[in-house]
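What follows is each chain in one-letter form.
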Amino acid sequence: MPSLTEIPNGFSHHLLERVNESAGGRTERRPNTGKILISVIRWTARCASILIALTFIAFVVGEVPNSTSLPNLRDWIGMTLLIAAILGLLCAWKWEFPAALISLFAIAGFVAVTNMRRFDVVAIAVIPNLLFILDWKLRHSHFGAIPKAG
């Protein structure tokens, strides 16, 4: 299975052709369908990143004042990695690919350092990063340099 950075160029073209076909049109008649798909992917990733950031802030605000003991080194490293992951998500609004990769590596580091076993929570945190990477890949492989919408 190819990694996310090795998605074949034909994949994005094939995906956009399928969307055009399912919309009942041909690529020549509906050239904006691909742009609409990319915008939907981008805004889904952006909205999800905001929700994740707000949830993280809510946990920090609710947890830190109620903490009865000082965090150990592993907790500090985990918190630093989570902050890096959230900042990466927010930076992905402007720099989709590099910021999403930073966020993914920070999440992987957090899972490794804290020995987290709630992979459902990890999956939720990873989804916007994957959408940002897909957005970047679709814009750069199919259309060349498409200006960002919004």
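Reading the values: the criteria
Residues numbered from 1 in each chain as written. Predicted model: local features only at pLDDT ≥ 70, side-chain atom pairs only at ≥ 80, totals over all residues. Heavy atoms only, no water. Helix = DSSP H or I, 4+ residues; strand = E, 2+ residues; numbered from the N terminus. Buried < 20%, exposed > 50% of the residue type's maximum accessible area, 1.4 Å probe, protein only. Areas by Shrake-Rupley, 256 points an atom, 1.4 Å probe, with all protein chains shown as cover. Expected span 1.5 Å × (residues − 1). Salt bridge = Lys/Arg side-chain N within 4 Å of Asp/Glu carboxyl O. Core = buried A, V, L, I, M, F, W, Y, C linked by side-chain atoms within 4.5 Å. Contact = heavy atoms within 4.5 Å. Axes fitted to C-alpha atoms, helices over the stretch in contact; angles between N-to-C directions. Parallel < 35°, antiparallel > 145°, perpendicular 65-115°, else oblique. Left-handed = near helix turned anticlockwise from the far one by under 90°. Nonpolar A, V, L, I, M, F, W, Y, C, P; charged D, E, K, R; others polar. Phe/Tyr/Trp six-rings, centres within 6.5 Å; stacked < 30°, edge-to-face > 60°. Lys NZ or Arg CZ within 6 Å of the ring centre and 35° of its normal.

Side note on the overall build of the protein
Per the secondary structure count, the protein includes 5 helices and 0 strands. Across the protein, helices and strands are ordered from the amino to the carboxyl terminus as α-α-α-α-α. The proportion of buried residues among the 150 residues of the protein is 33%. Of the roughly 9400 Å² that the protein leaves accessible, carbon and sulfur atoms contribute 70%.

Considerations on helix H2 (residues 32–63)
Taking 1.5 Å as the rise per residue, H2 with 32 residues should run 46 Å; its terminal C-alpha atoms sit 46 Å apart, in good agreement. Among the residues of H2, Thr33, Gly34, Leu37, Ile38, Ile41, Arg42, Ala45, Arg46, Ser49, Ile52, Ala53 and Phe56 are the ones counted as buried.

Overview of the pattern of salt bridges
Evaluated as defined, the whole model comprises 4 salt bridges. Taking the shortest distance from any N to any O, the salt bridge between Arg42 and Asp135 comes out at 3.3 Å. In this pair, Arg42 is assigned in helix H2 and Asp135 in helix H5 (residues 119–141), connecting sequence segments 93 residues apart. Relative accessible area serves as the criterion here: at 0%, Asp135 is assigned to the buried category. Across the pair Arg139 and Glu96 runs a salt bridge, and its minimum N-O distance is 2.9 Å. Taken together, the positions of Arg139 in helix H5 and Glu96 in helix H4 (residues 96–114) put the pair 43 residues apart, joining distant regions of the chain. Of the two residues, Arg139 and Glu96, neither departs from the other in class, the shared state being buried.

Here's the deal with the nonpolar core
Grouped together as the largest cluster of nonpolar side chains are 28 residues, with contacts concentrated most on Ile41, Ile86, Ile107, Val122 and Phe132. Listing elements by their share of this core, those giving two or more residues are H2, helix H3 (73–91), H4 and H5. Ile41 has contacts with Leu131, Leu134, Asp135 and Leu138, leaving out every residue within four places of it along the chain.

A look at the packing of H2 against H5
Between H2 and H5, the shortest axis-to-axis distance is 9 Å and the interhelical angle comes to 150 degrees. By the angle between their directions, the pair H2 and H5 is classed as roughly antiparallel. Remark: the crossing between H2 and H5 carries left-handed chirality. Between H2 and H5, the residues in contact are Ile38, Ile41, Arg42, Thr44, Ala45, Arg46, Ala48, Ser49 and Ile52 and Ile124, Ala125, Pro128, Leu131, Phe132, Leu134, Asp135, Leu138 and Arg139, respectively. Here the residues of the contact of H2 with H5 are counted per class, giving 12 nonpolar, 2 polar and 4 charged.

As for the packing of aromatic side chains
Throughout the structure, instances matching the rule amount to 2 aromatic pairs. Stacked on the ring of Trp43, the Lys or Arg Arg46 has its end atom at 4.6 Å from the ring centre.

In short, shape yes, function no, at least from these values alone.
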